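Take a look at the letters that make up each chain.
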Amino acid sequence: MRRNILTFLLFVLGISVYAQPSAVYNTSDNSAPLQGSLKGKIVESGSNVPLEYANIAIFSSADSSLVSGANAGPDGSFMITGIKPGKYYADAKFIGYEHSFKAEIEVSRNNQHIDIGVIELMPAAENIDEVTVVAQDRPIVYEIDKKVIDPSQFPTAANGTAVDILANTPSVVVDIEGNVSMRGSSSFTVLIDGRPTPFEAADALEQIPASTIRNIEIITNPSAKYDPDGNAGIININTKKSKITGVSGIVNASGDTNGSLSGDFLLNFKREKVNFFVSGNLSDRMRNGEYSSLNKTFATADTITTQSDGDNIRGFKGWSLKTGFDYFFDDYNTLTFNVGLNGRNRYNEGLSNFHEFSTSGFNELSVTETLGEGKGEELSFGLDYKKTFEEAGREFTAFAYYETGTGEDYSLYNQLNGDNILLRGQQSWEAGSDHQFRLKADYIHPFNKRNKLEAGYQARIDRDLEWNDVHWYNSLESYEPSPESEYYSETNFKRDIHSLYSTYSNSGPIVGFQLGLRAEYTNRSLEYSKADEPSTINRLDLFPTTHLSFQLPSDQQLIASYTRRINRPRGHYLEPFITYEDAYNIRTGNPDIEPEYIDSYELGYQKQLGKGFVSAEVYHRKTNNKIERLRSVYSENVMIQTIANVGADYSTGLELMLNTNPAKWWMLNLMGNAYHYQIEGEIFGTSISAEPSFNWNSRLNNIFTLSKTTKVQFDVMYNSPTVGAQGRRQGFMFTNLAVRQDLFDNKLNITLSARDLFDTAKFGFESSGPDFYSKRSFDMKSPVFAITLSYKINNYKKQNGAANSDEGGMMDMEDMGM
């Protein structure tokens, strides 16, 4: 089987190479058409920080017609080939900076390859009624393959995490409980600096402080170069790293009226060939509020009802420490090593009034105490190597990554009568260890200015060992989990995924395309201590991708794409044992669950409007083997949640965004997403073909630059009700306000913010089935006021622009002929 896979991928790569015409150069033939080249580097004036994605355009001196152009790479450098003999001038520009011109550039037979040198761009400033206001950078930039979010443009997220930044972005919705979804799906992949994370997506996003993030990339239709995992795409978080020579750094601290506290730091030391960095963070973030629930079961002739309401404290404690270095052997070879250590604890504490009664006459009033904790610690090592060549665009990268960790989920439930006497109690544990190893290598080969081939290999090795136990009691007593317990069980999860991919891109002045194919072989085994045989999978999957771009007149662009993706069930989805969340709610996995396969289509349109833009994206996504969490009655008033493939679902929607400047000091972002959703299949043997639901959300971000040192943000966000396989979530609205003040030549920043200003963010969910009805709600304590302090050491400055991750993007502007 493995030999067949390798043969198939080599065949695909061979076709791509064979299909590309060879470039022939004859330097001895003076009659051959002469083509020159221009190269240089674009940096910010004063700081010399490279301006990735800055634009350089070449114009004819004779008639000022556009000849060619390019975008700067991560180090600010650019290379333009195919320049005919003649006289030219260059215009370099970037959003938020003044233009810079280079005149009297002449290409001739004796001067074919010209180095323009370093081009410095000055930050733009505009004079408004004698008040100097710095021009605003775009908070959201649409690129050919992704949306890039600049956290520094959102003061309301200053004291938060990656979740708070995502609440300001298109394609993403964050609910009152902090749950993140992309275009209606909670299945997506989270990368950090283009690398995998050992955490669940929710924990990864909650653990990263907003102050440490350089930018966030939203990739809804990734190319074959990326892992195909995740229903809705990829969220890639790029963290800050300074490139200033000498010592630099940044320290942040924040707190809010909920009792949340956090702090983080980043120190960087760069000298000649070595760049050393160390960072860390410590946080305790809380969401306090009031909780209520209602549950009815009809499993027998007797209807049993339980009601509860009370105070609830939800929080996330986390810490991390990361250090490493970059070593620059020469201009073409770089080695990076890093080691990270982190810990986390997601907790939930509640004290509720509890009422249980039935139609047969049973009636009991009590008080319940609940405690839930999800703890874990991880140690990781990463080694990266990057080699570039004299030939522009040619590159080889490789990395190895290893992570090992432990985790434990613990829950406690005590029910007491009016005299504070224990009626019943329950404890449950789910703990274990995991080991992950990843090896990856990528090569990019440009055949000429418009054609290039990318290919790579990746290995993903996962090993997880977990155990589970539960203990019931009606008197306080000590208990330690033990393999001797009748409820104790173990699972041993092993999964190896080997991948090969290739993409071929061709760009023209009007039309560009990229074709890709990824093949993945999966070998998975799940052993359960109470099962005779392991559950296994040995499978080959193919994931084709296609991306097209069309350059239209008047600064308009049309982009189309198709990708096939997969959503593999995580380990705990497969675990067949029962886990008790409390005395009335339990859950279990399903070792026979099949992965979801997704066909995703997108068509996007963009048009420049001065310094702003308008964009529209139409998308359609079909998910086969749809995975759903299903609720049913386990025993009388006890509910069980299971995992099952229920059929297929369909999402078709339209996403709109307008970025404009109504005034020189006012930037407005209006975003909206509306989609039609339908699910077809069966639940517990009963056919489902629910009425299609119409879902929509919108947000309005206003950023006011009052002076060179003062910025205000005010935003409003609304999400409509959403329907699922068994229930409905009610709509909700947020309103946030923030003011940021820069002091001491921008060395110190102070941000004051108010979240959910008008206390409108309420969470409510209803679900029902043939034998049950349930309803729950959560009202977060609002508004929440926060303060954040940020201090820069030695003029620390993040890189400007929408920098790419080390993983690399799907296509850059040059790839697609823009």
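Residues numbered from 1 in each chain as written. Predicted model: local features only at pLDDT ≥ 70, side-chain atom pairs only at ≥ 80, totals over all residues. Heavy atoms only, no water.

Undergrad: Which parts of the structure should I look at to understand the sheet that holds strand 5 (residues 86–93)?
TA: Across a sheet, strands are paired by hydrogen bonds formed along the backbone, either parallel or antiparallel in direction. One open sheet accounts for four strands, arranged 3-2-5-6; its pairing is antiparallel. Both edges of this open sheet fall to strand 3 (66–71) and strand 6 (100–107), since each of them pairs with a single strand only. Taking the axes of each pair of neighbouring strands and ignoring which way they run, one obtains an average angle of 20° across the sheet. Note: strand 5 against strand 6, six bridges, orientation antiparallel. The residue bridging aspartate 91 from the neighbouring strand is phenylalanine 101, located in strand 6. (Pairing = 2+ DSSP bridges. Helix = DSSP H or I, 4+ residues; strand = E, 2+ residues; numbered from the N terminus. Axes fitted to C-alpha atoms, helices over the stretch in contact; angles between N-to-C directions.)

Undergrad: Before we go on, may I ask you to explain the packing of aromatic side chains in this structure?
TA: Between two aromatic rings, the relevant description is the distance of the centres plus the angle of the planes. Taken as a whole and assessed by the stated rule, the structure comprises 18 aromatic pairs. When the centroid spacing of 6.1 Å and the interplanar angle of 40° are considered together, the rings of phenylalanine 325 and phenylalanine 337 count as tilted. With phenylalanine 325 in strand 21 (residues 304–328) and phenylalanine 337 in strand 22 (residues 333–358), this pair connects stretches of sequence that are 12 residues apart. In this structure phenylalanine 325 comes out as partly exposed when scored by relative accessible area, which is 32%. The class for phenylalanine 337 is partly exposed, based on a relative accessible area of 30%. For the pair tryptophan 467 and tyrosine 488, a centre-to-centre distance of 5.8 Å together with 15° between the ring planes defines the contact as stacked. Placement of tryptophan 467 in strand 26 (residues 451–473) and of tyrosine 488 in the loop between strand 26 and strand 27 (489–507) is noted, with a sequence separation of 21 residues between them. Using a relative accessible area of 23% as the deciding quantity, one classes tryptophan 467 as partly exposed. Its relative accessible area of 13% is what places tyrosine 488 among the buried residues. An aromatic cluster of three or more residues is present, and its members are Phe354, Tyr413 and Tyr584. Positioned over the ring face of phenylalanine 778 is arginine 314, at 4.1 Å from the centre of the ring. (Phe/Tyr/Trp six-rings, centres within 6.5 Å; stacked < 30°, edge-to-face > 60°. Buried < 20%, exposed > 50% of the residue type's maximum accessible area, 1.4 Å probe, protein only. Lys NZ or Arg CZ within 6 Å of the ring centre and 35° of its normal.)

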